[in-house]
Structure formats: C-alpha cells, structure tokens
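The primary structure of each chain is shown beneath.
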Amino acid sequence: MGFNCGIVGLPNVGKSTLFNALTESQAAEAANFPFTTIEPNVGRVSVPDPRLDALARIANPEQVLPTQLEFVDIAGLVKGASKGEGLGNKFLGNIREVDAIVHVLRCFDGGDVTHVDGAADPVGDAGTVTTELMLADMESLAKRIEPLTKKARGQDKAAIAELALAERALKVLEDGQPARTLDVSDDERKTFGMLGLLTSKPVLYVLNVDEDSAADGNELSAKAAAMAADEGSGSVVISAKIEEEVAQLTDPAERAEFLESLGLTETGLARVVRAGYQLLGLLTFFTVGPKEVRAWTISEGATAQEAAGTIHTDFAKGFIAAETISFDDYISLGGEQAAKDAGKMRQEGRNYITKDGDVMLFRFNV
C-alpha cells in the first residue's frame, strides 16, 4: 500500500483514543498521563466508499475488498522536543517516516483528562507542535547546508540546485512558516522531498470535541478550524470518545441508530479517513469480477501502467491495454457487458492518466 498518516499532538489530547476507534481495536493503550504511547502503534483502516457497494450489487462477487490507509499513533510531543525533551528525537524520527500528519487538537475543557498545559488551547497547542517541528527542520537544514556549500564550490550541479533549495526552505522557516508553504516547481519536487523536512508534510487537523459538541463543534473547534483554513490545511470535527463507543457497536443498524440519536449522519472517523485520503492526493480505481470487487489506491496522475503495477508487477511489465469503463457508465448501464455493448468500454494505453472511479481490466502478456 505504502501510504500512511501519523497521528500526532500534545499528550492527553485524544490521539490514542482516536487511533483505537479508527482501527476498531484497543491496540493503543489510552490513559490519563503523558507518553502512554512510546512505540508507535500501526493500524490499517478501510476507506469508506459507497461506490464499492454499488458495484458489488451488480457484480454479486464472492467478496468485496475496500482500499486501505495506514495510521500510525505517535507519542505525544512536548515543548523542547527539538532539543530532546520528552521523547524528543524518537518522536521526530517517527514523524519523518510518515507521508502525512493527522494533528489532533483538544477542543474541550474540563473532564477527568488533564491537559498537559492546564487549559485547552487548540490554536496554541498547534503552534507548540509546529514550532518544534520547524526548529527541528531548521537544525536539519543548517547541518545539510555546510557540506552542500563545499560541493557547490566544486561546481557539482546537483549540489548547487539542492543548496539553493535548502537555503530557500531555511529562509521560509526563519520567517515563521512551515516548509510546505515554499513554492516548489515540479522539477524541484523530488529534490525537495529528499530534504526530509517534517513541516513539508501535508496536515489534517482533527478537532476533538466533547460529546455534546460532536454534531456542530464548539467555540474552541471553530477557532481551530479558522486557523487550519488560514494555513491551507484541512480540519474535521469529531468526538473521539463517541467514535470509540461507535466502534464497539458491530451491528450497522445499532450504529446508525446511535449516530442518529446524536444528530450525526455518519461517523467522524469516516470523514477523517476520507480527508486523509484526499490529503495524500490519492484516488481509487476498481476491478470487478465474479470472485471479488476491489478498490485500489494510486496517486493522482498515475498512468494505466502504474495502476496495473499496483495489482501485480507482471501486469505492468507485460502491459498491453486497460479496458476501462467509468464508474457512472458501469452503474447506469448495469455492468460490464452492457457498457461494452453501448460503446462505453475504452481501450486505454500505458500512458493513459487513471481517473478516480475508473473500472479497469488489464490485458497483459509476460
């Protein structure tokens, strides 16, 4: 799969409770003291997609397999982490390994859970975490610039390009902005990624509210949502406590009834997973057959040959064509044969850019 989101935040903001609910497990111990999570917990979560069920109703397969995302529950960060405070470098190293950051902010006061700084302040909390990540990035760049400067003096073209990019990134950080705000060209993107900057990763803020505010949020979550919008990040309001309770209900009807009683039409977790999927710039294509209807994850802009390779490397190596039907045509016409008869099945070549919702059958020869 290869796509994962790291769940981060200060201690006692609800990270492990969220992770437990996401994975419908008790893999992460939740407790009322800092650093409950030391080694990161990892869980895979199915991405909710009603299109999968619609395809299955037509194909009637033996099994239905949704696409998945990986979530990593990372230990809580504290002020001074960039200098080794708390779990310091271990925390930063764990973040470095994920593709995107799901930043949990506590948006409720009171209760029996102690906030690490006393009172809930989601905007201030976000600033604490972001500042530590920025300080770590600045230190990392400072160490990188010195050897790059020496190489650049020797007219090493790659070093010259990387040095210029590193210096621009450092200037952005020194101006108080995360590295992801740097304007990077397509040609520079690969080199920029190699810098390994923590603040270059996309961020989704999960605004953890009390149970009474799950449907509409509250004053604290509104402030946090405005902050997220200002910096161009996404945000989702949930009550991690409610989501944990919902996860324990195995009967779909009971879940729906419980959610309706709270004024909710779907779980907040469904929105978190979808938002994480969008955050990573992913899309879904489908394969449909009598044995299985399956959703597959690829990056936006992936070719048909690359899509084939996600199923099996042999499909990519021996790629001949991708027989492709749009999801809307497949559903409205009632299946593969009907779409084919109506001229809606297309023969696409290896360089075809896969579209979200494509139903694909790959022809290959090894």
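Rules behind the numbers
- Residues numbered from 1 in each chain as written.
- Predicted model: local features only at pLDDT ≥ 70, side-chain atom pairs only at ≥ 80, totals over all residues.
- Heavy atoms only, no water.
- Core = buried A, V, L, I, M, F, W, Y, C linked by side-chain atoms within 4.5 Å.
- Buried < 20%, exposed > 50% of the residue type's maximum accessible area, 1.4 Å probe, protein only.
- Contact = heavy atoms within 4.5 Å.
- Patch = residues over 30% accessible without salt bridge, like charges linked within 9 Å, V, L, I, M, F, W, Y side chains within 5 Å.
- Areas by Shrake-Rupley, 256 points an atom, 1.4 Å probe, with all protein chains shown as cover.
- Salt bridge = Lys/Arg side-chain N within 4 Å of Asp/Glu carboxyl O.
- Lys, Arg positive; Asp, Glu negative; His and termini not counted.
- Charge placed at Lys NZ, Arg CZ, Asp CG, Glu CD.
- Helix = DSSP H or I, 4+ residues; strand = E, 2+ residues; numbered from the N terminus.
- Polar contact = N/O pair within 3.5 Å; in protein donor to acceptor, adjacent residues only side chain to side chain.
- Phe/Tyr/Trp six-rings, centres within 6.5 Å; stacked < 30°, edge-to-face > 60°.
- Expected span 1.5 Å × (residues − 1).
- Bend = angle between axes of the 7 residues up to and from the residue.

## Description of the nonpolar core
Moving on, step 1. The biggest cluster of nonpolar side chains holds 51 residues, and the ones touching the most others in it are Leu22, Leu69 and Phe71.
Moving on, step 2. Those residues in contact with Phe71 that sit more than four places away from it in its chain are Cys5, Ile7, Phe19, Leu22, Asn41, Val42, Gly43, Val45, Val102 and Val273.
Moving on, step 3. In this structure, Met134, Ala152, Leu165 and Ala169 belong to the second largest nonpolar core, which totals 19 residues.

## Observations regarding a negative patch on the surface
Moving on, step 1. Residues Asp251, Glu254, Glu257 and Glu260 make up a contiguous surface patch of negative charge.
Moving on, step 2. We classify Glu257 as exposed; its relative accessible area is 59%.

## Looking at the side chain of Thr297
Moving on, step 1. Within the element layout of this structure, Thr297 appears in strand β9 (residues 292-299).
Moving on, step 2. For Thr297, a relative accessible area of 11% gives the class buried.
Moving on, step 3. Here the side chain of Thr297 touches Tyr277 through a polar contact of 3.5 Å, side chain to side chain.
Moving on, step 4. If near-sequence neighbours (up to four positions away) are discounted, Thr297 is found in contact with Phe3, Thr67, Gln68, Tyr277, Leu282, Leu283 and Thr310.

## Digging into helix α8 (residues 240-247)
Moving on, step 1. Counting buried positions along α8 gives six out of eight residues, so the element sits mostly inside the fold.
Moving on, step 2. Listed as buried for α8 are Ala240, Ile242, Glu243, Glu244, Val246 and Ala247.
Moving on, step 3. Against α1 (15-23), β6 (203-208), β7 (234-238), α9 (252-261) and α10 (268-279) lie the buried residues of α8.

## Some words on the packing of aromatic side chains
Moving on, step 1. Evaluation of the coordinates by the stated rule reveals five aromatic pairs.
Moving on, step 2. Between Phe285 and Trp296 the ring centres are 6.4 Å apart and the planes differ by 15°, which places this aromatic pair in the stacked class. Within this pair, whereas Phe285 is found in strand β8 (residues 282-288), its partner Trp296 is found in strand β9, the two being separated by 11 residues in sequence. Taken individually, Phe285 and Trp296 each receive the classification buried, so the pair is uniform in this respect.
Moving on, step 3. Through a chain of ring-to-ring contacts, three or more aromatic side chains come together here, namely Phe285, Trp296, Phe319 and Phe362.

## Considerations on the environment of Glu24
Moving on, step 1. Here Glu24 lies in the loop between α1 and β2 (41-46).
Moving on, step 2. Considered as a pair, Glu24 and Glu245 are 221 residues apart in the sequence and their alpha carbons are 9.7 Å apart.
Moving on, step 3. Sequence-distant contacts of Glu24, defined by excluding residues within four places in its chain, comprise Ala247 and Arg255.

## Side note on helix α4 (residues 122-153)
Moving on, step 1. Taking 1.5 Å as the rise per residue, α4 with 32 residues should run 46 Å; its terminal C-alpha atoms sit 46 Å apart, in good agreement.
Moving on, step 2. Its maximal kink placed at Ile145, α4 deviates by approximately 25°, while the proline Pro147 follows within four residues.
Moving on, step 3. Looking at the residues trailing α4, positive phi occurs at Gln155, about 65°.

Function-wise, these values are silent; they only describe arrangement.
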